[in-house]
Amino acid sequence: MDAKARNCLLQHREALEKDIKTSYIMDHMISDGILTISEEEKVRIEPTQQQRAAMLIKMILKKDNDSYISFYNALLHEGYKDLAALLHDGIPVVSSSSGKDSVSGITSYVRTVLCEGGVPQRPVVFVTRKKLVNTIQQKLSKLKGEPGWVTIHGMAGCGKSVLAAEAVRDHSLLEDCFPGGVHWVSVGKQDKSGLLMKLQNLCTRLDQDESFSQRLPLNIEEAKDRLRILMLRKHPRSLLILDDVWDSWVLKAFDNQCQILLTTRDKSVTDSVMGPKYVVPVESSLGKEKGLEILSLFVNMKKADLPEQAHSIIKECKVVERCHWGILTDLLHKWNQS
Ligand SMILES: Nc1ncnc2c1ncn2[C@@H]1O[C@H](COP(=O)(O)OP(=O)(O)OP(=O)(O)O)[C@@H](O)[C@H]1O
Ligand SMILES: [Mg+2]
């Protein structure tokens, strides 16, 4: 981890240890591939909340820049905006002569924008889906300066959230179309009070310096108005990413002439919202070649050198006809942790 990030964590260690509840934070970090189940267990067996937080921070301090970013994102998503603000200045920026991260081709600008927007990192084992990412990016470019909706839809576990994050991991798209940045919201299945809480958290995130209002919106209508003003005045030309939307009534709260990318299993969720709509369907299955590619990355072996069992594993992960992304990757992560 960079010295700046490390110092920032050390400087605010006490405040973090005092306030954070580790369980939800660790869920985020596990799904980012930063923490293992056994590390989570090691934290969980500590007797008090403060000791659990202290153990988690001790572990993060031994890890890399991605861990810092994952921890920062988790704080942001779990409503610890004040604590996230303390860590904001320490967010590591990858810099080299070309400004590119040699491994992934991601510039430091992209990293910083995505980190600030709470966009999840790539899965540890990652294979590209160039054609789909390009299609999403093409649709997103239609939102340049124009309100509208881009919907990524497909069955559970087909990789929609990973694709949404990947589509915005692009320097020229961010610079040209969304210079105001991106804001990722994990929506999920919500009732009215759950939605209000999501909106309140988002308004707080978008108004970190509290220049617009001191108090949280009290109902969905008020939150919708607040969000409209914040997007218009404080974050023009930014992209709102609504991940995992289940209900069309939820989208009404965001129907504010903004630029929105959303993922959903049900493409009819945008039926009643206003403005231009673009849809990107995602196939639920993953071809045998991609399946083998994931396996080969996972075991760090060339595809051609994989043993015969690799083909059987791919077959085992079939749903209906073809191999399923979620099932295969879940299986591999479980193996890795056992
Ligand atoms: N390109 C990829 N490379 C490697 N793993 C991937 C890729 N895309 C998705 N996965 C893995 O597949 C699983 C499902 O992906 P993801 O969460 O994006 O699906 P989803 O369609 O958003 O699911 P849901 O409908 O439940 O929200 C995850 O474990 C993810 O890490
Ligand atoms: Mg998803």
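Rules and cut-offs
- Residues numbered from 1 in each chain as written.
- Chains lettered and ligands numbered in written order.
- Predicted model: local features only at pLDDT ≥ 70, side-chain atom pairs only at ≥ 80, totals over all residues.
- Heavy atoms only, no water.
- Helix = DSSP H or I, 4+ residues; strand = E, 2+ residues; numbered from the N terminus.
- Buried < 20%, exposed > 50% of the residue type's maximum accessible area, 1.4 Å probe, protein only.
- Contact = heavy atoms within 4.5 Å.
- Salt bridge = Lys/Arg side-chain N within 4 Å of Asp/Glu carboxyl O.
- Disulfide = S-S within 2.5 Å.
- Pairing = 2+ DSSP bridges.
- Near = heavy atom within 4 Å.
- Polar contact = N/O pair within 3.5 Å; in protein donor to acceptor, adjacent residues only side chain to side chain.
- Areas by Shrake-Rupley, 256 points an atom, 1.4 Å probe, with all protein chains shown as cover.
- Nonpolar A, V, L, I, M, F, W, Y, C, P; charged D, E, K, R; others polar.
- Domains from an automatic or database assignment.
- Axes fitted to C-alpha atoms, helices over the stretch in contact; angles between N-to-C directions.

A.B. asks: When you look at the environment of S161 in this model, what are you seeing that I'm missing?
C.D. replies: Locating S161 in the fold gives a position in helix α10 (residues 160-167). Judged by its relative accessible area of 30%, S161 is partly exposed. Along the primary structure S161 and T112 are separated by 49 residues, whereas in three dimensions their C-alpha atoms are 19 Å apart. Not counting residues up to four positions away in its chain, the partners in contact with S161 are W184, D243 and T263.

A.B. asks: Help me understand the pattern of salt bridges, please; the structure alone is not making it clear to me.
C.D. replies: Close approach of charged atoms allows side chains of opposite charge to pair. Following the criterion strictly, the structure yields 11 salt bridges and no others. Between R122 and E166 there is a salt bridge; the shortest N-O distance is 2.6 Å. Of this pair, R122 sits in the loop between α8 (108-116) and α9 (130-141) while E166 sits in helix α10, and the two are 44 residues apart along the sequence. Using a relative accessible area of 9% as the deciding quantity, one classes E166 as buried. The salt bridge partner of K234 is D207, with a shortest N-O separation of 2.7 Å. Residue K234 is found in helix α13 (residues 220-234), and its partner D207 is found in the loop between α12 (192-206) and α13; the two are separated by 27 residues along the sequence. D207 sits in the buried class, given a relative accessible area of 6%.

A.B. asks: Looking at this model, I keep getting lost on the state of the cysteines. Mind explaining?
C.D. replies: Covalent bonding between the sulfur atoms of two cysteines is what defines a disulfide. Under the definition given, this model contains zero disulfides. Free cysteine C8: the closest other cysteine sulfur is in C115, separated by 12 Å.

A.B. asks: What am I meant to see in the pairing of strand β4 (residues 259-264) here?
C.D. replies: Regular strands show a simple pattern: their side chains alternate between the two faces of the sheet. Along β4, six of the six residues are buried, which leaves the element largely enclosed by surrounding structure. Of the two faces of β4, the one lined by Q259, L261 and T263 and the one lined by I260, L262 and T264 are each fully buried. One ladder, built from six bridges, connects strand β1 (residues 148-153) with β4; its direction is parallel. Along β4, the bridge assignment pairs I152 with T263. One ladder, built from five bridges, connects strand β3 (residues 239-245) with β4; its direction is parallel. Along β4, the bridge assignment pairs L240 with I260.

A.B. asks: Would you take a moment to explain the site of ligand 1 for this structure?
C.D. replies: Looking at ligand 1, there are 17 residues lining it, with V127, G157, K160, S161 and R265 nearest. With respect to ligand 1, the side chain of K160 contributes an N or O atom lying 2.7 Å from an oxygen atom. Surface burial for ligand 1 is 84%, taken as the share of its 630 Å² of free accessible area covered by protein chains. Among the secondary structure elements, those contributing two or more residues to the shell around ligand 1 are α10 and α17 (325-337). Here the shell around ligand 1 gets four residues from one element, more than from any other, and that element is α17. Looking at the shell around ligand 1 residue by residue, the class counts come to nine nonpolar, five polar and three charged. Per-domain counts for the shell around ligand 1 show at least three residues from each of domain 2 (110-281) and domain 3 (288-337).

A.B. asks: Sorry if this is basic, but what is going on with the sheet that holds strand β2 (residues 182-188) here?
C.D. replies: Pairing in this open sheet of five strands is parallel, and the strands run β2-β3-β4-β1-β5 from one edge to the other. Every interior strand has two partners, whereas the edge strands, β2 and β5 (277-281), have only one. Here the average twist between neighbouring strands, direction ignored, is 15°. Packed on one face of the sheet, α9 meets β1, β3, β4 and β5 and runs near 175° to β5.

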